[in-house]
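If you want the building blocks of each chain, they are given just below.
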Amino acid sequence: MDNDQARNLWEKARPIYLSTLPSLEEKEQMDRYFSMISDIESNGDSLVFKTKNSMAAEIFNKNYSERIKGCLMLVGADPSINIIFTQDESFAERIFVPATENKREETEKEKTDANEKQPAFVSTMALREEYTFDEFVMGPSNSYAYSAAKGVVSHPGEKGYNPLFIHGGTGLGKTHLMQAIGNELKRTKPQMAICYLTAEMFLNEYVNYMQTGKLPLFREKYRSVDLLLIDDVQFLQRGKVVQEEFFNTFQFLQEKNKQIVMTCDVSPKNLPQLESRLISRFIGGMVQEIDSPSFETRLAILKKKAEAYTPKIPDSALEFIAENIKSHVRAMEGALSKVRVMVSTVPGEQLSPLLLSQLLKDFIENEQTLKKLTIEEIQETVAEKFNMRRSDLISQDRSASVVTPRQLAMFISRKFTSNGLEMIGTKFDRKHATILHGVKSIQKRLDVEANLRIVLEEILAEFGLKLSDAKDI
Ligand code: ADP
Ligand code: MG
């Protein structure tokens, strides 16, 4: 097998691996890991995967090589083949090149030479080229976050924009917008040292460096960047020690007027397991939310994505998707690519609403979980979780062990169904003011009681929901 055949094999195996993952989030996460693979070489009876840093090679060798081999076999690889991940040496010196002070004293000529040899662009994870401002559709749901991101690009590191904290539900464009900042600054200020990674990677990497006794290296690395993009900071909640490290890095960078951008699936005040000094740092800059897009924005996003497709996807099909898939832009994209495959494999097929609803059945069903959830189902599920009967939740029993589950059920009914207070009141045999009080009480407790939040997340998970999907009332 030659190198081209090896690359070819991986091109086929990669989508198969991704298709085995159950959720879109996991697919995305894995796809990001895969983007760390820089090249593949065939070496006798081994396939050598080159990765952009040693950390990634280690992670792949340890956790994913078996499964990757399985997928490669599915597309024709010999079962006796060895899969090896190693760091791509040509990336070694490109990573973590700090934009040092003395570099600024070099002549223009030297500067360009240096840039050509060693782009200052540093990154543990590659930015996706297509995540640009141009590709991002602005609408009322994201205009503030969009303007703030643009603000960072024109005033990186300046007070007021530093840090920028973007929050909102999954699949609404947080990562896209964050990477657009990175891509734009990489273009306009090529000497800037840019680092993009998820908080989860920051955490894993920290643990790794700690175990190998190389923490000073870790510190040096993150303190040498000009722009730090940290995606999904909710993951920092998993570790106390890493929060301390993050705080120090954060403080160091901010003092030097280096720009920090973060995304999160909830607002800073809804991160109960995060140190309060971190939270106050987060809200000390600019905090912007991305909301679910309106029909017009959804349609505009679809039109933008489908612009270059041949054969063309009819507007009526785009409208169908925009009408029926409302919660996630990511789900809309999934639906769009299904339609795209259909249009190119069966050209000329009339895309009737009936056909579309069959084709997109899974996506549409997913959407309807939110709408179809009934108060009775919620009561049933909550009661079961607390080992009680549904009638206990409706009873007049005021003992604390019943009040909390009851109020949780009220909270879920209010935040995750379209029922009003009156209707919920009827189902709980209570006045609407009591429902309102219950909802507020849970809301308040969630900010301080991590355990309650965990229980609630567990209950929501049974409905395939997350707390961040809650209606904002
Ligand atoms: P999040 O990080 O909030 O979970 P992502 O940034 O990964 O969401 O977005 C999911 C997908 O939806 C991406 O492919 C992104 O390009 C697309 N997307 C989200 N919002 C927009 C938008 N306003 N315009 C264009 N594409 C969008
Ligand atoms: Mg994201």
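In what follows, the structure referred to is the one given above.
Calculation criteria
Numbers given to residues run from 1 along each chain, matching the order in which its sequence is written. In the order they appear in the text, chains get letters beginning with A and ligands get numbers beginning with 1. Local features in this predicted model are restricted to residues whose pLDDT is 70 or higher, and side-chain atom pairs enter the listing and the counts only when it is 80 or higher, whereas totals over whole chains, interfaces and linings include all residues. For side-chain calculations, the full set of non-hydrogen atoms in the structure is used, while hydrogens and water are omitted. The way it works is that DSSP assigns letters per residue, a run of H or I at least four long becomes a helix, a run of E at least two long becomes a strand, and they are numbered from the N terminus. Each residue's exposure class comes from its accessible area (1.4 Å probe, protein chains only) as a fraction of the maximum for that residue type: buried when under 20%, exposed when over 50%, partly exposed otherwise. Contacts between residues were defined by any pair of non-hydrogen atoms, one from each residue, lying within 4.5 Å. The pairing criterion is simple: DSSP has to find at least two bridges between the two strands. Axes here refer to lines fitted to C-alpha atoms; in helices the fit is confined to the stretch in contact. Angles between the N-to-C directions go from 0 to 180 degrees. The nonpolar core is taken to be a set of buried Ala, Val, Leu, Ile, Met, Phe, Trp, Tyr and Cys residues, with the residues joined through side-chain atoms within 4.5 Å. Only Phe, Tyr and Trp rings take part, Trp by its six-membered ring, and two of them pair if their centres are within 6.5 Å. Stacked means planes under 30 degrees apart, edge-to-face means over 60, and tilted covers everything else. Whether a charge sits over a ring depends on NZ of Lys or CZ of Arg being within 6 Å of the ring centre and within 35 degrees of the ring normal.

Caption draft 1: Expanded view of the overall build of the chain. Assigned secondary structure in the chain consists of 22 helices and eight strands. Principal-axis analysis of the C-alpha atoms gives the chain an extent of 75 × 60 × 45 Å. Counting only residues that meet the buried cut, the chain has 49% of its 473 residues in that class. For the chain, restricting intrachain contacts to residue pairs at least 6 apart in sequence, the fraction spanning at least 24 positions comes to 73%.

Caption draft 2: Spotlight on the sheet that holds strand β4 (residues 164-167). Spatially, the five strands line up as an open sheet ordered β5-β6-β7-β4-β8, and their pairing is parallel. At either margin of the open sheet sits one strand with a lone partner, and together these are β5 (194-198) and β8 (286-289). Sheet twist, expressed as the mean angle between neighbouring strand axes with direction ignored, is 15°. Of the pairings in the sheet, the one linking β4 to β8 comprises four bridges and is parallel in character. Bridge pairing links His167 to Glu289 in β8. Sheet strands in contact with helix α7 (residues 174-188) are β4, β5, β6 (227-231) and β7 (259-264), and its direction is about 165° off that of β6. Sheet strands touched by helix α8 (residues 199-211): β5 and β6. Its angle to β5, the strand with the most contacts, is close to 90°.

Caption draft 3: How the structure looks around the nonpolar core. In this structure, Phe49, Ile68, Leu72, Ile181 and Phe282 are the most contacted members of the largest nonpolar core, which totals 85 residues. With 28 residues, the next largest nonpolar core counts Val329, Leu351, Leu360 and Phe363 among its residues.

Caption draft 4: Examining the sheet that holds strand β2 (residues 46-51) more closely. Across the sheet, which stays open at both edges, the three strands sit in the order β1-β2-β3 with mixed pairing between neighbours. Lying at the two open borders of the sheet, with one neighbouring strand each, are β1 (37-43) and β3 (82-87). Across this sheet, the average inter-strand angle for adjacent strands is 25°, counted without regard to direction. Here six bridges tie β1 to β2, and the two strands are oriented antiparallel to one another. Pairing of Asn43 across the sheet is with Ser46, part of β2. Each of β1 and β2 touches helix α1 (residues 3-19); the most contacted strand, β1, lies at about 125° to it. Helix α3 (residues 54-74) rests against β1, β2 and β3 of the sheet, and its axis sits at about 160° to β3.

Caption draft 5: Local environment of the packing of aromatic side chains. Taken as a whole, this structure holds 20 aromatic pairs when the rule is applied. Seen in terms of ring centroids, Phe34 and Phe60 are 6.1 Å apart; in terms of plane orientation they differ by 10°. Their pairing is stacked. Here the residue Phe34 occupies a position in helix α2 (residues 24-34), and Phe60 occupies one in helix α3, the gap between them amounting to 26 residues. Neither Phe34 nor Phe60 differs from the other in exposure class; each is buried. Taken together through their ring pairs, the aromatic side chains of Phe165, Phe202, Tyr206, Tyr209, Phe218, Tyr222, Phe246, Phe250 and Phe282 make up a single cluster. The positively charged end of Arg67 is found above the aromatic ring belonging to Tyr17, 5.1 Å away from the centroid. Stacked on the ring of Phe133, the Lys or Arg Lys150 has its end atom at 4.7 Å from the ring centre.

Take it as geometry only, folks, not as evidence of what the structure does.
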